[in-house]
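# Structural overview for review
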Amino acid sequence: MTAMLKAVSGTNDIFAQAREYPFREPVFRYITQTAEEVLRGAGAQMIHTPIFEYLEVLQKGVGLTSDIVVKKEMYVLEDRGGRVLGLRPEPTASMVRAYNQHGMKVWPQPVRLFTWGPIFRGERQQKGRYKQFHQVDYEALGLSDPLLDAEAIALMLRIYKTLGLKDLEVRLGSVGDPEDRDRFNQYLRGLFRPYAEVLSEESRVRLETNPMRILDSKSETDQQIVAGLPVRPMLEFLGDESRAFHQKVCHYLTQLGVPYAIDASIVRGLDYYVRTAWEVHHAKIGAKSALGGGGRYDGLSEMLGGPRVPGVGFGIGIERVAIALEEEGVEIPADPSPILYLAPLDEAAKIEALALAEQLRPKIYVELGYTPKSPRKALEDALKKGARYVGFLGEGERVKGIVTLKHLESGEQKELEPLQLHSLFEGP
RNA sequence: GUGAGCGUAGCUCAGCAGGUUAGAGCACUGGUCUGUGGAUCCAGGGGUCGUGGGUUCAAAUCCCAUCGCUCACCCCA
């Protein structure tokens, strides 16, 4: 006997009756639709890219020293013919790849795109962290102007607010330009070199390759060393240009009335980020408080073999947002209930009911009682479905060529011919 | 990768000082009610008690292993 197969842990079925609020399909739809309205209304265009790409696209996109590559969090698969593919661990690389592939550089710039869909990371699951999760993603490509950074942050925040979230905090930082990071890394090497002997093996390697990652090492001794040192933040190592850029973003946000807090500790897990980086946090969802994050990635396109295409964008974690919505007790608009419930009372009426339902369905939402049953049961079913009317189809109706239509709220009941039924639901 | 908790019906759980055939509520199907309002009452379907092994006359219950799930650390979405 084979054990019943189950979904991979860290993945979720999203449907209306799901036990946990964050996985209820209407919640999911509420979030994606709201985001879609806000972003379309801001002039962004929807795009759907594949959820898998050649591994090079994703690896270069994400950077070789990022956790996703280093900790082997990417799902890798082999295509026929041996080309290696990966499931996207973030959508930005695909968006930039699409921009390049379709020559969007000749469109009026910036090109502003958005999408939503599944993202995959091979992490162990916990609340708010899944192997397959979903993001709304927005990217503004082809123009390097702090105005776009400020707009992206404002749009992101407006999505959260339109959804009904409060207690939001924008944490804004800058990871500088590559030269700035080189300077910062030099500084860190100098700072940590005296401790090379006591650092973890991993961090000893990082000392040469990527000293910034020592700062968030998971080794306890490393953490103690870091805590004991007067580490200056990246933000203090910005060059003139990137500092001016950062100040412009801050200035624009202030003018827009978007509140934010400078967070010098923000270091993006993804390598291609430059300059602006931010996270949006929510007070009530605890440790996993990041509802989304974004940043600028002016060098990404070139890494993908394209022209230099500056870009800024953000990702919103749909499940995280759903958790926050639940915490705040936001009511999700109910799905519409049926106008008419058609109840066959005997075998012969089944197909009559279906035929009638199909005639009426272009106009109104018709539910069908699939199994013939007593009028009493049919009525109960109709009530459970929340229908406005019940139409009975049985022996008596067949003889007279009518449908018995009952209005559930008033209890009023009449016998209608098909034509009368059609005109009743004709609507204004 | 590290640590903790939990696995009994579709769901929520009881049963566990070892003892016939493993239970309740909800949900589902039907009857009560022979063509009309979510009720009531009754009945039914649905479980190799996560899996494997051990102890015992006897294991859902005790022991061991294993798998699975959940949560937390880290990172982040």
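### Overview of the overall build of chain A
A count of helices and strands for chain A gives 15 helices and 16 strands. In terms of overall dimensions, chain A is more spread out than a globule: its C-alpha atoms have a radius of gyration of 28 Å, far above the 22 Å expected for 428 residues. Split into buried and exposed, the 428 residues of chain A put 50% on the buried side. Carbon and sulfur atoms make up 53% of the accessible area of chain A, which totals about 21600 Å². Charge separation in chain A, taken as the distance between the mean sites of 54 positive and 59 negative side-chain charges, equals 1 Å.

### Some remarks on the domain arrangement of chain A
Taken domain by domain, chain A consists of domain 1 (21-177 + 239-328) and domain 2 (340-424). With centres defined by C-alpha atoms, the gap from domain 1 to domain 2 works out at 49 Å.

### Considering the confidence of the model for chain A
Across chain A, pLDDT averages 89, with 93% of residues at or above 70. On the interface metric, ipTM, the complex scores 0.86, and its pTM is 0.91.

### Some words on the side chain of Ser242
Mapping Ser242 onto the fold places it in helix α9 (residues 240-256). Separated by 3.2 Å, the side chain of Ser242 and the backbone nitrogen of Gly239 make a polar contact. With residues up to four places along the chain from it excluded, the contact list for Ser242 reads Gly176, Asp177, Asp180 and Arg275.

### A word on helix α5 (residues 146-163)
The periodicity of an α-helix, 3.6 residues per turn, causes residues three or four positions apart to be oriented the same way. With 18 residues, α5 should cover 26 Å at 1.5 Å per step; its first-to-last C-alpha distance of 26 Å lies within 8% of that length. Among the 18 residues of α5, 13 are classified as buried, and the element is accordingly described as predominantly covered. Between the side-chain oxygen at the start of α5 and the backbone nitrogen of Leu147 there is a gap of 2.7 Å, and the oxygen is on Asp145. The first or second residue beyond α5 is Gly164, which carries a positive phi of 110 degrees.

### Topic: the packing of α5 against α9
Following both chains from N to C, one finds α5 and α9 inclined at 45 degrees, their axes separated by 8 Å at the closest point. Between α5 and α9, the crossing angle belongs to the class labelled oblique. α5 and α9 meet at a crossing whose hand is right-handed. Across the interface between the two elements, Pro146, Leu147, Asp149, Ala150, Ile153 and Ala154 of α5 pack against Phe245, Lys248, Val249, Tyr252, Leu253 and Leu256 of α9. Classifying every residue of the contact of α5 with α9 by side-chain character gives ten nonpolar, no polar and two charged.

### Some thoughts on the packing of aromatic side chains
Tallying each qualifying case throughout the model produces seven aromatic pairs. Residues Phe23 and Tyr130 carry aromatic rings whose centres are separated by 5.5 Å and whose planes lie at 80 degrees to one another, so their mutual orientation is edge-to-face. Residue Phe23 is found in the segment before α1 (25-41), and its partner Tyr130 is found in the loop between β5 (111-120) and β6 (132-141); the two are separated by 107 residues along the sequence. The pair Phe23 / Tyr130 is uniform in exposure class, with both members buried.

### Concerning the sheet that holds strand β16 (residues 413-416)
The strand order across the open sheet built from five strands is β13-β12-β14-β15-β16, with neighbouring strands paired in mixed fashion. A single partner strand is all that each edge strand has here, and the edge strands are β13 (366-368) and β16. Pairwise comparison of adjacent strand axes, ignoring direction, gives a mean angle of 25 degrees for this sheet. Two strands pair when backbone bridges link them, and strand β12 (residues 340-344) and β13 are joined in this way by three bridges, in the parallel orientation. The partner of Tyr341 across the bridge, within β13, is Glu367. The sheet strands contacting helix α12 (residues 349-360) are β12, β13, β14 (389-393) and β15 (403-407), and the helix crosses β12 at an angle near 160 degrees.

### A closer look at the environment of Gly295
Along the polypeptide, Gly295 turns up in strand β10 (residues 290-296). What makes Gly295 buried here is its relative accessible area of 0%. Taking the C-alpha atoms as reference points, Gly295 and Tyr272, 23 residues apart in sequence, are found 9.4 Å from one another. For Gly295, the contacting residues outside a window of four places in its chain are Tyr273, Thr276, Ala277, Trp278, Gly311, Val312 and Gly313.

### Quick look at helix α7 (residues 201-209)
Looking only at α7, the buried set comprises Ser203, Arg206 and Leu207. The buried residues of α7 all sit within an arc of 115 degrees when viewed along its axis, so they share a single face. What points out from α7, more than 90 degrees from its buried face, is the exposed set Glu201, Val205 and Thr209.

### Points about the sheet that holds strand β1 (residues 45-46)
Spatially, β1-β5-β6-β11-β10-β9-β7-β8 is the arrangement adopted by the eight strands of the open sheet, whose pairing is mixed. Only two strands of the sheet have a single neighbouring strand rather than two, namely β1 and β8 (261-262). Pairing geometry for β5 and β6, over ten bridges, is antiparallel. Directly across from Leu113, in β6, lies its bridge partner Glu139. The strands touched by α1 are β1, β5, β6 and β11 (311-317); relative to β5, the strand with the most contacts, the crossing angle is about 165 degrees. Contacts between α5 and the sheet are confined to β5, β6, β7 (168-174), β9 (274-282), β10 and β11, with β11 contributing the most and set at about 15 degrees to the helix.

### Thoughts on the side chain of Arg121
Following the sequence through the fold, Arg121 ends up in the loop between β5 and β6. Within the buried core, Arg121 has no salt-bridge partner, and the shortest N-O distance to an opposite charge, that of Glu123, equals 5.1 Å. Within the structure, Arg121 has its side chain in polar contact with the backbone oxygen of Pro89 (distance 2.8 Å).

Calculation notes
Residues numbered from 1 in each chain as written. Chains lettered and ligands numbered in written order. Predicted model: local features only at pLDDT ≥ 70, side-chain atom pairs only at ≥ 80, totals over all residues. Heavy atoms only, no water. Helix = DSSP H or I, 4+ residues; strand = E, 2+ residues; numbered from the N terminus. Rg over C-alpha atoms; globule rule 2.2 N^0.38 Å. Buried < 20%, exposed > 50% of the residue type's maximum accessible area, 1.4 Å probe, protein only. Areas by Shrake-Rupley, 256 points an atom, 1.4 Å probe, with all protein chains shown as cover. Lys, Arg positive; Asp, Glu negative; His and termini not counted. Charge placed at Lys NZ, Arg CZ, Asp CG, Glu CD. Domains from an automatic or database assignment. pLDDT = per-residue confidence, 0-100. Polar contact = N/O pair within 3.5 Å; in protein donor to acceptor, adjacent residues only side chain to side chain. Contact = heavy atoms within 4.5 Å. Expected span 1.5 Å × (residues − 1). Axes fitted to C-alpha atoms, helices over the stretch in contact; angles between N-to-C directions. Parallel < 35°, antiparallel > 145°, perpendicular 65-115°, else oblique. Left-handed = near helix turned anticlockwise from the far one by under 90°. Nonpolar A, V, L, I, M, F, W, Y, C, P; charged D, E, K, R; others polar. Phe/Tyr/Trp six-rings, centres within 6.5 Å; stacked < 30°, edge-to-face > 60°. Pairing = 2+ DSSP bridges. Arc of directions from axis to C-beta. Salt bridge = Lys/Arg side-chain N within 4 Å of Asp/Glu carboxyl O.

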